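An overview of the molecular structure
Each chain, letter by letter, is given below.
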Amino acid sequence: MSLFHPFAGANRFKSSFALAALSLTLTAGAALTPTAKPRQEPQPAQEDAALLEGYRHVEVASVSDALEQIAGRKMYLSHRMRSIFPTRFAGFALTVALKKETNHDPDALKGMLAAIDQGPPHSVYVMVVEDSADIAGMGGLMGTAMSVRNFSGAVIDGGVRDVAYLQKIGFPVYALGVVPSTSIGHYRFAGSNIRVVCDGVEVHPADIVVADPDGVVVVPRTLAPKVLVLAQEMDFKEHSMYAVIEKLKSIYDSVKKVGHR
């Protein structure tokens, strides 16, 4: 005689089924339970974009003063470096060097052009033409290529030509002067994305180059966030002073009241 109730097998089946159903319910519930998303760190590209946006809206004079306070050195280009039209831009340095050398090599300046085609958006083409302000480092063709590749601008320690066309397309260039000459046959490409000294200022690849009608400043990449914060504070303080000067009609009393930046 069986010791089990005739319905025991069915009951066990029902119990097993119930347990399985409960397990599935719990599993599904766990899958649907919201979980905390991992904190997303700012990406380098986002940080770079935010940094450039900040520098585009701060005055070069403030950047220069902030750099002098933080780094203790001059990082602005001289009064000789002038723009071909009033402009304002900020971007990452793409450095190029040309070495003085008479030659008949059709490929002597090939690297100068390749640097443009390989340059990322928001680059500033920083070219040093060795020992000559009377040789045009760039002109309309190079400016057009930089423009369509979304470069921010160019800074030439040398001359520039085709100025009317560069003005027409609105591509900003700072240079030591306007000259009709060519570098072909007189210079050889000496390297790109290397350290250069542009108008007396050391420039490394990816340093931030900031320009406005007051001139050009080079910000070392490692100092860029700190310099921007101080430059923005200086901008705010100076802009606030204008109304105080107008009210008091005295710059001495205004500085005494607000403080010098």
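Please refer to the structure higher up on the page.
Criteria and thresholds
- Residues numbered from 1 in each chain as written.
- Predicted model: local features only at pLDDT ≥ 70, side-chain atom pairs only at ≥ 80, totals over all residues.
- Heavy atoms only, no water.
- Helix = DSSP H or I, 4+ residues; strand = E, 2+ residues; numbered from the N terminus.
- Buried < 20%, exposed > 50% of the residue type's maximum accessible area, 1.4 Å probe, protein only.
- Salt bridge = Lys/Arg side-chain N within 4 Å of Asp/Glu carboxyl O.
- Axes fitted to C-alpha atoms, helices over the stretch in contact; angles between N-to-C directions.
- Parallel < 35°, antiparallel > 145°, perpendicular 65-115°, else oblique.
- Left-handed = near helix turned anticlockwise from the far one by under 90°.
- Contact = heavy atoms within 4.5 Å.
- Nonpolar A, V, L, I, M, F, W, Y, C, P; charged D, E, K, R; others polar.
- 1 Å grid on protein atoms, 1.4 Å probe; cavity = no way out; pocket = protein on both sides within 12 Å on 5 of 7 lines; lining within 4 Å.
- Points joined across faces, edges and corners; volume = space filled by probe spheres on them.
- Phe/Tyr/Trp six-rings, centres within 6.5 Å; stacked < 30°, edge-to-face > 60°.
- Lys NZ or Arg CZ within 6 Å of the ring centre and 35° of its normal.

As for its position among the elements, Leu113 is in helix α4 (residues 110-118). The partly exposed category is assigned to Leu113, whose relative accessible area is 43%. As a C-alpha pair, Leu113 and Val96 span 17 residues in sequence and 9.9 Å in three-dimensional space.

Moving on to the pattern of salt bridges. Inspection of the entire model under this criterion finds 7 salt bridges. Of the charged contacts in the structure, one is a salt bridge between Asp212 and Arg88, with a shortest N-O distance of 3.8 Å. Taken together, the positions of Asp212 in strand β10 (residues 208-212) and Arg88 in the loop between β1 (82-83) and β2 (89-100) put the pair 124 residues apart, joining distant regions of the chain. Judged by relative accessible area, which is 2%, Asp212 ranks as buried. With a shortest N-O distance of 2.8 Å, Arg195 and Glu202 are connected by a salt bridge. On the basis of relative accessibility, which here comes to 46%, the residue Arg195 falls in the partly exposed class.

A word on the packing of helix α7 (residues 224-248) against helix α8 (residues 251-258). The packing of two helices is summarised by the inter-axis angle and the distance between the axes. The contact between α7 and α8 brings their axes to 9 Å, and the two run at 130°. Taken together, α7 and α8 sit at an angle that is classed as oblique. Judged by the twist between their axes, the crossing of α7 over α8 is right-handed. Residue-level contacts link Lys237, Met241, Val244, Ile245 and Leu248 of α7 to Ile251, Asp253, Ser254, Val255, Lys257 and Val258 of α8. Residues of the contact of α7 with α8, tallied by class, amount to 7 nonpolar, 1 polar and 3 charged.

What follows concerns the layout of surface pockets. The space that makes up the largest pocket amounts to roughly 400 Å³. In terms of lining, the largest pocket is formed by 26 residues, of which the most central are Met112, Leu113, Met142, Ser183 and Ile184. For the lining of the largest pocket, the secondary structure elements donating two or more residues are α4, β4 (136-138) and α5 (140-148). Looking at the lining of the largest pocket, the element that brings in the most residues is α4, giving 5 residues.

Here we come to the environment of Ile156. Among the structural elements, Ile156 can be located in strand β5 (residues 153-160). Accessibility expressed as a relative area gives 0% for Ile156, which makes it buried. For Ile156 and Val129, which are 27 residues apart along the polypeptide, the C-alpha to C-alpha distance reads 7.5 Å. Not counting chain neighbours up to four residues away, the residues in contact with Ile156 comprise Met81, Tyr125, Met127, Val129, Gly137, Met138, Val173, Tyr174, Ala175 and Leu176.

Moving on, we get to the packing of helix α3 (residues 60-71) against α7. Closest axis-to-axis distance for the α3/α7 pair is 8 Å, and the angle between their directions is 125°. Compared by their axis directions, α3 and α7 come out oblique. Here the hand of the crossing between α3 and α7 comes out right-handed. Two secondary-structure elements touch here, α3 through Ser62, Val63, Asp65, Ala66, Leu67, Gln69 and Ile70 and α7 through Lys226, Val227, Leu230, Ala231, Met234 and Asp235. Its residues assigned to classes, the contact of α3 with α7 comprises 8 nonpolar, 2 polar and 3 charged.

Attention now moves to the packing of aromatic side chains. Taken as a whole and judged by the stated rule, the model has 1 aromatic pair. Look at Phe89 and Tyr174: their rings are 6.1 Å apart centre to centre, the planes differ by 75°, and that puts the pair in the edge-to-face class. Of the two residues, Phe89 sits in strand β2 while Tyr174 sits in strand β6 (residues 173-178), which places them 85 residues apart along the sequence. The residues Phe89 and Tyr174 share a single accessibility class, namely buried. Above the plane of the ring of Tyr76 lies Lys74, whose end atom (NZ or CZ) is 4.9 Å from the centre.

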